Amino acid sequence: IMSYIENRLPVVTTLNYELTELNNKCIFAPNSNQDFIEKVHALINGEITVNHAEMEKFIQINSYPQLINRILNSLESSMSSHKSI
């Protein structure tokens, strides 16, 4: 899912995902096989609005480089606090 979002593509998925803030903005969860097909067709035909602003906001906060930087900064802080003990 992240790869699609990083490429600014909407997602239709039946997978259980934890990105509820993007529900019906750029991630669309069908209720059935027929609903899946209908959502894909609607996206292709421009009948479903993709919230590109929310997608960009999410990418800025959660892109892989941003996540890696947060992890490294957290590790660095953690190591610094242990050295002072």
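Treat the numbers as computed from the prediction; the structure is a model and nothing was measured. (Residues numbered from 1 in each chain as written. Predicted model: local features only at pLDDT ≥ 70, side-chain atom pairs only at ≥ 80, totals over all residues. Heavy atoms only, no water.)

**Some words on a nonpolar patch on the surface**
On the surface, Tyr64, Ile68, Ile71, Leu72 and Leu75 cluster together to form a nonpolar patch covering roughly 500 Å² of accessible area. Turning to its location among the elements, leucine 75 is positioned in helix 4 (residues 64–83). (Patch = residues over 30% accessible without salt bridge, like charges linked within 9 Å, V, L, I, M, F, W, Y side chains within 5 Å. Areas by Shrake-Rupley, 256 points an atom, 1.4 Å probe, with all protein chains shown as cover. Salt bridge = Lys/Arg side-chain N within 4 Å of Asp/Glu carboxyl O. Helix = DSSP H or I, 4+ residues; strand = E, 2+ residues; numbered from the N terminus.)

**Focus on the pattern of salt bridges**
Going through the model one piece at a time under the given rule, you end up with two salt bridges. Across the pair glutamate 56 and arginine 8 runs a salt bridge whose closest N-O atoms are separated by 2.7 Å. Taken as a pair, glutamate 56 in helix 3 (residues 52–62) and arginine 8 in the loop between helix 1 (2–6) and strand 1 (11–12) lie far apart in primary sequence, 48 residues in all. Judged by relative accessible area, which is 30%, glutamate 56 ranks as partly exposed. Between lysine 39 and aspartate 35 there is a salt bridge; the shortest N-O distance is 3.4 Å. Of this pair, lysine 39 and aspartate 35 both sit in helix 2 (residues 33–44), four residues apart, which is roughly one turn of that helix. For the pair lysine 39 and aspartate 35, one class covers both residues: buried. (Buried < 20%, exposed > 50% of the residue type's maximum accessible area, 1.4 Å probe, protein only.)

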